[in-house]
Amino acid sequence: MRFLRRFLIRLSNFVTRRSTDQRLREEIAEHLAFQTEENLRTGMSPAEARRQARLKLGAAEAIREDHHAEQSLPFVENLFQDLRFAVRMLLRSPGFSLIVIATMALGVGATTAIYSVIDATLLHPLPYPHPSELVRIEANLPGVGSHDVGISIPELRDLQNSGIFQYVSLCFHGSENVTGSAQPTHIAGATVSPSYLAVLGVDAALGRTFDPHDATPGSNGEVIISDGLWKRAFGADPHILGKSLRLDNDLFQIVGVMPASFRDQGQTSEERGTELWAADGFYGDPSSPPMRGTRSPYETIARLQPSLSPEAAQRHLDALVASWKKQYPAYYPPQAAWTIHLTPLAETLVGNVRQSLILLSGAVGLVLLISCVNVANLLLARASARGHEIAVRQALGAARMRLIRQHLTESLLLFVLGGITGFAVLFCARKFLLQFVPESLPRLNDISISWGVLAFAIVVSVAAGTIFGLAPAWLTSRLDLTTKLRQEGRGSNGSRRRSRLRHVLVIGELALSLVLMVAAGLLLRSFWDLFKVQLGFNPTRVMAIETTLPNPNDPNTDIYHTATQESVFLREALRRIRTLPGVEETAVSDRAALPLGHGQSDLRQRPMIREGQDAQSSQPPLINTSIVSPEYFHVLGMTLIRGRLFVDQDLEDTPSIAVINQAAAHTYWPNQDPVGKRFIVRSRAAKPGWTTIVGVIADARTESLADAGIPQVYFDIYQRPDKFLAFYLRGQVDPSAILAQVRTQIQSVDAELPVFRAETLDDVLSSSLSVRRFSMEMVALFAGTALLLAGLGIYGTISFLVHEQSREIAIRLALGAQRRNILRMVLRQGLTLAGAGVGVGLVGALIVSHLMASLLYGVSPYDLSTFAGVTAVLTAVAIAASYVPALRAMRLDPITTLHSE
Amino acid sequence: MKEKPDVLQGTLALMVLKTLDVMGTQHGWGIARRIEQISGDLLAVNQGTLYPLLLKLEHEGSISSQWGASENNRRARFYRLTEAGRKQLRAETRDWEQTAAIITRFFNVKAEDLP
């Protein structure tokens, strides 16, 4: 209380600049008068009485200073004084200040930008309450090498009743046709357990969410829509609740609208953009009652009990799994080694991008470090220039701490101004910069330049300013006064120590930029290799356009139920599309066959039972399946190696056939001819009985650019129909008009069908590389910046060296040294620094490239040509940067230099 | 900047408060003189150090000051204990006595007194 009162009075005195100095003077005069009178009474002479009174009082000036310190806030006062002085120094050398502020703005701005991306993805990936409770449940069969095989309904119920979870939910992200309006639309829709939104913990903005305890077997007829769909399709109708929506000829009732901020969880941008959720029990008519062994290929997410950590939950779950195995041995054969694994949902969403982001933050951290080092170097250089001023101040009695404080204030001011500038530029350019962030980067939160990001920028600049401002401040204040004042500029002890520090800083800078450049070089090589990889198919001039056939709940109302029914539509649609201008060839497939496409979640691996090798019960291997029309292989330019492809004579009532790729042949029929072999892959539309392999095609990178050897089996779409279709057009078509043209043609066959998402395969290819491209471009940008900064650093240091040695050089020249030798001498100094930097940098680069090995493709982390190339570039830059000051040294005029000293 | 140890400063403040408590209103020299008289030569403090201390106590609200006329009719600044200061003095006196008592007892203990 008393302390606070005292502080407030002092603060108000400080602000109002009130001074009680006059009062103190009067009091002291009074005091002296009293004391003098007293002394006179004891019989001193008047002069002696006055002298003794003064002695007794003590040093009046010291008292006044103490009194003033008590009066006001001396610390703040000094700070203001330092700041005023710092601003004056800053304005006096605007060029220097500008360079420092720009360098720091670059470093802090780049760091802050990457931080804002990481904040929205890695640090806060889930915009739901208590995100740490959310987990993904994966059932694996490590015994047969299968992962994420899904769980059955009885297992789901057991999990729900286990007490480990608050809610467990199945979900399936797909798409829905909204019909009944003028233009059929196609939206990303999810079929989910009624507890899905309870798992995520988000309530509806309008209406309600599903009852999480609803146990209706099939669809309960309720849907919830997103805010976006509500506004777009229903004009934000406030009376939307209870209205019906027709999805694939079935009527659903809208029970709720989600908040505008809600985004669904999911691995792809389409899943995250889901606009409609339909509640479903995932079993029931027309399927048989749920069986423990019938695993549905859906994603399972759950919310843990708040008291359980994921590790503890996993332990409980392991115990539960063990008890199931004892209770139902028939369903869990020991050789399959069935397990259930919990993964924090946040991790599964960020997934493989985590490494790229960590790499980016590392790279940007290095850029920040390099800019700090550069600025520290500049500060040191200026400190030498200001040596005389500092020596004079010290001679006049400035305390060392006071000098350090003043220097620190100056550098902090520069760093913070730089940081704020960087943040301001970032804030103004955020719209522009966000374009470069690939859509496929997993983020449910919008990347925003928020207060948190501003705080980050300020903390970073203050920390950097303190660390990198302290060393120059410390060294500057450590001057040998007499030598400095006596012989200015001849290299005193202090300045030698300083130049040693400068050398270390430059070497560090060079080393750090080498590390960054090696990382960028390796990423560039990987990207290039991936870009130039032998695809095994030809994406040029091929366009894909999607449609989805209705999938009503009652199969009797499905007009596309059998292959024969569907083939009528397919053949007519293909025929009409082929008549469009510029179209040369057409094909159709299910969405899983779309190369590098969005189909990944539709495409689930299915168990394959090989004749004579696998039995139904023994957990057969899983394989990727695609369903294609006979022309598919030709349109995509895939090569047949053995046997034959599909022909028009292969129909629903002819024997079921399949084509496999080489990888499948090698994996599942090693050392035999697969043509003629038989197997079974079950699906909704599959006929019972064996499927015969008729042909083998060459491997193509249709699943992953990085992996050519993924086993694939292709079925004929006229034998095995599918609802999710992609039409392919090869030819010279107008990409902007083609969607409307194809839509007209398809809808003239069936007016209820939505036609959407026209993409060239080249675009699909390039967007599949987007995250890689993003990190490659960013790291390359950072490496370029680092190289520039390092070049500036070495230029500054060599210039400074030349300046310091100008007297020596002048004497050498006067004594007849060859100008060429002077040039060589200076260049040698530059090269020595570069050599040391490269040496240290190579070690660092080896460590870093080893760490980033998993991000590379087709290039060794120790790729000699990359290392050699980068070293050459850095050395060349170092020589170029030293050459200018070296030339200046060579052209030095000995007479003027020696006279000016 | 602080040449005097804290203990001494704290003690000096206590002395000032006690002096004002005993003598009522008093000017700076009067306080200094009184402290000097009581402590004799044992306390070698420059009288000037008193003034920053008086300002501090005033900021803390323990004392107040105003101009007035001295006994020989000169203008002087007079200090007076406030109610808060009186309370503070009581508390600090108690603390001081307690500390002193403990230290005294500590010094008086002989080896044979210990169990």
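Here the residue numbers are simple positions, counted from 1 along each chain's written sequence. Working convention: letters from A go to chains and numbers from 1 go to ligands, in the order in which they are written. Note on the predicted model: pLDDT of at least 70 is required for a residue's local features to be given, and 80 or more for side-chain atom pairs to be given and counted; whole-chain, interface and lining totals, by contrast, use all residues.

Looking only at helices and strands, chain B has 4 helices and 3 strands in total. In this text, helices come from DSSP runs of H or I with a minimum length of four residues, and strands from runs of E with a minimum of two, each type numbered from the N-terminal end. Reading chain B from its N end, one meets helices and strands in the order α-β-α-α-β-β-α. Counting all 115 residues of chain B, 28% fall into the buried class. We call two residues in contact if the C-beta atoms placed from their backbones are at most 7 Å apart. Partitioning the contacts of chain B with sequence separation of at least 6, the portion at a separation of at least 24 is 49%. In this scheme every C-beta is placed from the backbone, and a residue whose C-beta has 20 or more other C-beta atoms within 10 Å is buried, one with 12 or fewer is exposed, and one in between is partly exposed.

This paragraph deals with the nonpolar core. Residues and elements named next belong to chain A. Within the largest apolar cluster, 147 residues are counted, with the highest numbers of intra-cluster contacts made by Ala363, Leu510, Leu516, Ala519, Val779 and Ala786. Sorting elements by how many residues they give to this core places helix α13 (residues 353-385) first, with 19 residues. What fixes the domain bounds is an automatic or database domain assignment. The residue makeup of this core includes at least three contributed by each of domain 2 (142-337) and domain 3 (353-531 + 770-900). With near-sequence residues (within four places) excluded, alanine 786 lies in contact with Leu366, Val367, Ile370, Leu512, Ser513 and Leu516. Note on terminology: a nonpolar core is a set of buried residues of type Ala, Val, Leu, Ile, Met, Phe, Trp, Tyr or Cys, with members joined through C-beta atoms within 7 Å.

We now examine the pairing of strand β9 (residues 299-304) of chain A. On a regular strand, one side chain projects to one face of the sheet and the next to the other, so that they alternate. Residue and element names in this part refer to chain A. Of all 6 residues in β9, 6 are buried, a share of seventy percent or more. Burial along β9 is two-sided: the face carrying Glu299, Ile301 and Arg303 and the face carrying Thr300, Ala302 and Leu304 are both buried. For two strands to pair, DSSP has to find at least two bridges joining them. As defined by bridge partners, strand β1 (residues 134-140) adjoins β9 across 4 bridges and the pair is classed as antiparallel. Directly across from isoleucine 137, in β9, lies its bridge partner threonine 300. Direction of pairing for strand β2 (residues 165-179) relative to β9: antiparallel, over a ladder of 6 bridges. By the bridge assignment, valine 168 is partnered in β9 with alanine 302.

Here we take up the interface of chain B and chain A. Across the boundary between the two partners, chain B contributes 16 residues, which contact 22 residues of chain A. Residue assignment for the side of chain B that touches chain A shows that the elements contributing at least two residues are α2 (28-39), α3 (50-60) and β3 (75-81) of chain B. Element by element, the count of residues in the side of chain B that touches chain A is highest for α3 of chain B, at 6 residues. Note on residue classes: Ala, Val, Leu, Ile, Met, Phe, Trp, Tyr, Cys and Pro are nonpolar, Asp, Glu, Lys and Arg are charged, and everything else, Gly too, is polar. For the side of chain B that touches chain A, the residue count by class is 5 nonpolar, 7 polar and 4 charged.

This part covers unusual backbone geometry. Residue and element names in this part refer to chain A. Despite not being glycine, alanine 236 has its phi angle at roughly 55 degrees, a positive value. Tracing the backbone through its elements, the reader meets alanine 236 in the loop between α9 (227-234) and β6 (244-247). On the basis of neighbour count, alanine 236 is assigned to the exposed category, with 12 C-beta atoms found within 10 Å. The phi dihedral of arginine 757 falls on the positive side, at around 55 degrees, and the residue is not glycine.

What follows concerns the environment of phenylalanine 172 of chain A. Residue and element names in this part refer to chain A. Counting through the fold element by element, phenylalanine 172 comes out in strand β2. Residue phenylalanine 172 is classed as partly exposed on the basis of its C-beta count, with 19 C-beta atoms lying within 10 Å. Phenylalanine 172 sits 159 residues away from tyrosine 331 along the chain, and the two C-alpha atoms are 24 Å apart. Filtering out sequence-adjacent residues up to four positions away, phenylalanine 172 remains in contact with Ala190, Thr191, Tyr298 and Glu299.

With that settled, consider α3 of chain B. Residues and elements named next belong to chain B. For α3, a buried count of 9 out of 11 residues is recorded, marking the element as mostly surrounded by other parts of the structure. Those residues of α3 lying buried are Leu50, Tyr51, Pro52, Leu54, Leu55, Lys56, Leu57, His59 and Glu60. Immediately downstream of α3, the backbone of glycine 61 shows phi near 85 degrees, a positive value.

Let us now look at the domain arrangement of chain A. Interface size, as often reported, equals the accessible area lost upon joining of the parts. You can read the domains of chain A as domain 1 (2-72), domain 2 (142-337), domain 3 (353-531 + 770-900) and domain 4 (550-752). If you average the C-alpha positions of domain 1 of chain A and of domain 4 of chain A, the two centres end up 100 Å apart.

This brings us to the confidence of the model for chain A. Residues and elements named next belong to chain A. With 94% of its residues at a pLDDT of 70 or more, chain A shows a mean pLDDT of 85. Within chain A, no element has a lower average pLDDT than helix α18 (residues 481-486), which sits at 61, and none a higher one than strand β18 (residues 691-697), at 95. A low-confidence stretch, residues 489-493 stays under pLDDT 50, and its non-local contacts, those more than four residues away or across chains, total 8 contacts. Note: pLDDT gives the predictor's confidence per residue, expressed from 0 to 100.

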